[in-house]
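# Structural overview for review
One-letter residues, chain by chain:
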Amino acid sequence: NKKDKKYYQGMKFTFFAKGVRGEIAGGGRYKLIYQKNTEEAIGYTCYMDTIVRASSLKNKNKKILVPFNINLKNKKLLIKKGYTLFKTFDDNTQLKSQSIKLGIKYYLSNKVVKKI
């Protein structure tokens, strides 16, 4: 919203990307005032939601729900096999139902990967 940018003084800028609807970043020069001190700065905001939505990058890793207390060896093994780990504080007996609720296709049960 252009009204929100009244604090900028002088130079303002907006970034656009080919094939992306709307701006992906914007900013400008502004003055910081703290008590009796002032300092000029340049800052920007990057709109990551717009960038991610327009990105062609796809996460090819498989998501897996694991108990919070999973040991480091098992974590590293799952990551090496291409899984992205999601931890839960819930009781280990609830991993299957939590996976379904969260839309995660895999869960770890007694050190065995199970598919929903």
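The next subject is the overall build of the protein chain. Of regular secondary structure, the protein chain possesses 3 helices and 7 strands. Of the regular secondary structure in the protein chain, the N- to C-terminal order runs β-β-β-α-β-α-β-α-β-β. Considering the protein chain as a whole, with its 116 residues, one finds that 22% of them fall into the buried category. A separation of at least 24 residues holds for 27% of the contacts in the protein chain among residues at least 6 apart in sequence.

In this structure, T50 sits in helix α1 (residues 48–54). For T50, a relative accessible area of 10% translates into the label buried.

Here we take up the pattern of salt bridges. The full count for this structure, using the stated rule, is 1 salt bridge. For the salt bridge of E40 with R29, the shortest nitrogen-to-oxygen distance reads 3.2 Å. In this pair, E40 is assigned in strand β3 (residues 37–46) and R29 in strand β2 (residues 25–34), connecting sequence segments 11 residues apart. For E40, a relative accessible area of 47% gives the class partly exposed. What makes R29 partly exposed here is its relative accessible area of 31%.

Our focus in this paragraph is the sheet that holds strand β1 (residues 8–15). Here we have 3 strands laid out as an open sheet, ordered β1-β2-β3, and antiparallel in their pairing. If you trace the sheet from one side to the other, it starts and ends with β1 and β3, each paired once. Across this sheet, the average inter-strand angle for adjacent strands is 25 degrees, counted without regard to direction. Bridging between β1 and β2 involves 5 bridges; their strand directions are antiparallel. By the bridge assignment for β2, F13 is matched with G27.

Here we come to helix α3 (residues 95–102). Those residues of α3 not exposed but buried are L95, Q98 and S99. Projection of α3 onto a plane perpendicular to its axis shows the buried side chains occupying an angular sector of 105 degrees, all on one side. Residues of α3 that are exposed and angled more than 90 degrees away from the buried face: I100 and K101. Looking at the buried residues of α3, the elements they touch are β4 (62–67), β5 (83–88) and β6 (106–109). Remark: G103 follows α3 within two positions and exhibits a positive phi of approximately 75 degrees.

The subject of this paragraph is the packing of aromatic side chains. Across all of its chains, the model carries 2 aromatic pairs by this definition. Considering the side-chain rings of F13 and F15, the 5.6 Å spacing of their centres and the 65 degrees angle between planes classify their relative orientation as edge-to-face. Judged by its relative accessible area of 22%, F13 falls in the partly exposed class. For the pair Y83 and Y106, a centre-to-centre distance of 5.5 Å together with 80 degrees between the ring planes defines the contact as edge-to-face. You can see Y83 sitting in strand β5 and its partner Y106 sitting in strand β6, a full 23 residues away along the chain. Over the ring of Y83 we find K62; its NZ or CZ atom is 4.5 Å from the centre of that ring. Sitting over the ring of F68, K87 keeps its end group 5.4 Å from the ring centre.

Cut-offs used in this document
- Sequence positions are assigned chain by chain, starting from 1 and proceeding in written order.
- Local features in this predicted model are restricted to residues whose pLDDT is 70 or higher, and side-chain atom pairs enter the listing and the counts only when it is 80 or higher, whereas totals over whole chains, interfaces and linings include all residues.
- Note that water and hydrogens are dropped before the side-chain values are worked out from all heavy atoms of the structure.
- The numbering of helices and of strands both runs from the N terminus, where a helix is a DSSP run of H or I of at least 4 residues and a strand a run of E of at least 2.
- Each residue gets one of three labels from its accessible area relative to the maximum for its type: buried under 20%, exposed over 50%, partly exposed in between, using a 1.4 Å probe on protein chains only.
- Residue contacts are defined here by distance: any two heavy atoms, one from each residue, within 4.5 Å place the two residues in contact.
- The term salt bridge refers to a side-chain nitrogen of Lys or Arg lying within 4 Å of a carboxyl oxygen of Asp or Glu.
- If DSSP finds at least two bridges between two strands, the strands pair.
- The convention used is that axes are lines fitted to C-alpha atoms, helices contributing only their stretch in contact, and that angles between N-to-C directions extend from 0 to 180 degrees.
- The arc in question is traced by the directions running from the helix axis to the C-beta atoms.
- Pairs were defined over the aromatic rings of Phe, Tyr and Trp, the Trp ring being its six-membered one, requiring ring centres within 6.5 Å. Orientation was assigned from the angle between planes: stacked under 30 degrees, edge-to-face over 60, tilted for the rest.
- Definition used: whenever NZ (Lys) or CZ (Arg) falls within 6 Å of the ring centre and also within 35 degrees of the ring normal, the charge is taken to sit over that ring.

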